[in-house]
Amino acid sequence: EVQLVESGGDLVQPGGSLRLSCAASGFTFSSHWMSWVRQGPGKGLEWVANVNPDGSVKYYVDSVRGRFTISRDNAKDSLYLQMNSLRAEDSAVYYCARWGILGGRSGLDFWGQGLLVTVSS
Amino acid sequence: QTVVTQEPSLTVSPGGTVTLTCASNTGAVTSAFYPNWYQQKPGQVPRPVIYNTNTRHPWTPARFSGSLLGGEAALTLSGVQPEDEAEYYCLLLCGGAWVFGGGTKLTVL
């Protein structure tokens, strides 16, 4: 059974940092593109970042580029999101999600339960 | 900056048919945008419905279909069931970045 379990969410002050983790199981993690997607309170979904299977290619939404870093450790079947210089507008539920085996052609086929990040003083 | 637009809300009667659309401000949506559709009910994780324009996931009922219609991506629900009431989001690949639409709140009434 495919499972994606996020951890690391918390309350952090503006300007602070946080590292989110996502532990994957039930599939060959190193074969799939992975993403972080977020949803602000009462708002829609926003794609945040993508990383390719070997971690060498990364894409970001403009609003986080230069502040957030997506990475992965295939030996640990884990995905990460390092978030620096956090702003109030980064407050959201953050989802770890898997792309199907064909990458973008396959859609985000499995999602974690999400975790809450709150940026507030 | 790419903006992806969906109808904010739609209402359909049980058993009816409804089409949700997804447009890009950069021009016509084509298969190269790899349109995806996701369903989200209140308090739940988004559930994938359609990928690559018109392919259903194994768990997606046959009443859901995806297409391209008049330069937009479209999600059609035929024979709508009460449990289809939800928010629906499209997702497009726009120049290397993925962009979600604002979502359509579908009410079954």
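Below or above, wherever it landed, is the structure these notes cover. What you are looking at is a predicted structure, and each value in this text was computed from that prediction instead of being measured.

Rules of the game
Residues numbered from 1 in each chain as written. Chains lettered and ligands numbered in written order. Predicted model: local features only at pLDDT ≥ 70, side-chain atom pairs only at ≥ 80, totals over all residues. Heavy atoms only, no water. Helix = DSSP H or I, 4+ residues; strand = E, 2+ residues; numbered from the N terminus. Rg over C-alpha atoms; globule rule 2.2 N^0.38 Å. Buried < 20%, exposed > 50% of the residue type's maximum accessible area, 1.4 Å probe, protein only. Contact = heavy atoms within 4.5 Å. Areas by Shrake-Rupley, 256 points an atom, 1.4 Å probe, with all protein chains shown as cover. Lys, Arg positive; Asp, Glu negative; His and termini not counted. Charge placed at Lys NZ, Arg CZ, Asp CG, Glu CD. Disulfide = S-S within 2.5 Å. Pairing = 2+ DSSP bridges. Axes fitted to C-alpha atoms, helices over the stretch in contact; angles between N-to-C directions. Polar contact = N/O pair within 3.5 Å; in protein donor to acceptor, adjacent residues only side chain to side chain.

### Let's talk about the overall build of chain A
1) Next: Helix and strand content of chain A: zero helices and eleven strands.
2) Next: Secondary structure of chain A in N-to-C order comes out as β-β-β-β-β-β-β-β-β-β-β.
3) Next: Taken over the C-alpha trace, chain A has a radius of gyration of 13 Å; the compact-globule value for 121 residues is 14 Å, and the two agree within 12%.
4) Next: Structurally, chain A occupies a C-alpha span of about 40 × 25 × 25 Å along its principal axes.
5) Next: In chain A, buried positions account for 50% of the 121 residues.
6) Next: Here the analysis covers contacts within chain A between residues at least 6 apart in sequence; of these, 53% occur between residues at least 24 apart.
7) Next: Surface summary for chain A: the accessible area is close to 5400 Å², and the carbon and sulfur share equals 47%.
8) Next: The distance from the centre of the 11 positive side-chain charges to the centre of the 11 negative ones in chain A is 5 Å.

### Concerning the state of the cysteines
1) Next: This structure, assessed with the given rule, holds two disulfides over all chains.
2) Next: A sulfur-sulfur distance of 2.1 Å marks the disulfide that ties Cys22 of chain A to Cys96 of chain A. What sets the handedness of the Cys22 of chain A and Cys96 of chain A disulfide is the S-S torsion sign, and at about -70 degrees it is left-handed. With a gap of 74 residues between them, Cys22 of chain A in strand β3 (residues 18-25) and Cys96 of chain A in strand β9 (residues 92-99) connect regions that are remote in the sequence. Comparing Cys22 of chain A with Cys96 of chain A, the two get one shared label, buried.
3) Next: Here Cys22 of chain B engages in a disulfide with Cys90 of chain B; their sulfurs sit 2.1 Å apart.

### Some thoughts on the sheet that holds strand β7 (residues 64-69) of chain B
Residue and element names in this part refer to chain B.
1) Next: Ordered by their spatial adjacency, four strands build an open sheet running β1-β3-β8-β7, and the pairing between neighbours is antiparallel. Edge strands, defined here as strands with exactly one partner in the open sheet, are β1 (4-6) and β7. In this sheet, neighbouring strand axes are inclined to one another by 20 degrees on average, regardless of whether the strands run parallel or antiparallel.
2) Next: Pairing geometry for β1 and strand β3 (residues 17-24), over three bridges, is antiparallel. Of the residues in β3, the one forming a bridge with Val4 is Ser24.

### Concerning unusual backbone geometry
Residues and elements named next belong to chain B.
1) Next: Here Tyr34, not a glycine, exhibits a phi torsion of approximately 45 degrees, which is positive.
2) Next: Along the chain, Tyr34 falls in the loop between β3 and β4 (36-40).
3) Next: At Thr53, a residue that is not glycine, the phi angle is positive and equals roughly 75 degrees.
4) Next: Position of Thr53 among the secondary structure elements: in the loop between β5 (47-51) and β6 (55-56).
5) Next: Of the residues examined, Thr53 reaches a relative accessible area of 8% and is grouped as buried.

### Examining the side chain of Ser91 of chain A
Residues and elements named next belong to chain A.
1) Next: Locating Ser91 in the fold gives a position in the loop between β8 (78-83) and β9.
2) Next: Overall, the relative accessible area of 16% leaves Ser91 in the buried class.
3) Next: Reaching out from Ser91, the side chain makes a polar contact with the backbone oxygen of Ala88 at a distance of 2.9 Å.
4) Next: Here Val119 takes part through its backbone nitrogen, which lies 2.8 Å from a polar atom of the side chain of Ser91.
5) Next: Setting aside residues no more than four positions away along its own chain, Ser91 makes contact with Gly40, Pro41, Val117, Thr118 and Val119.

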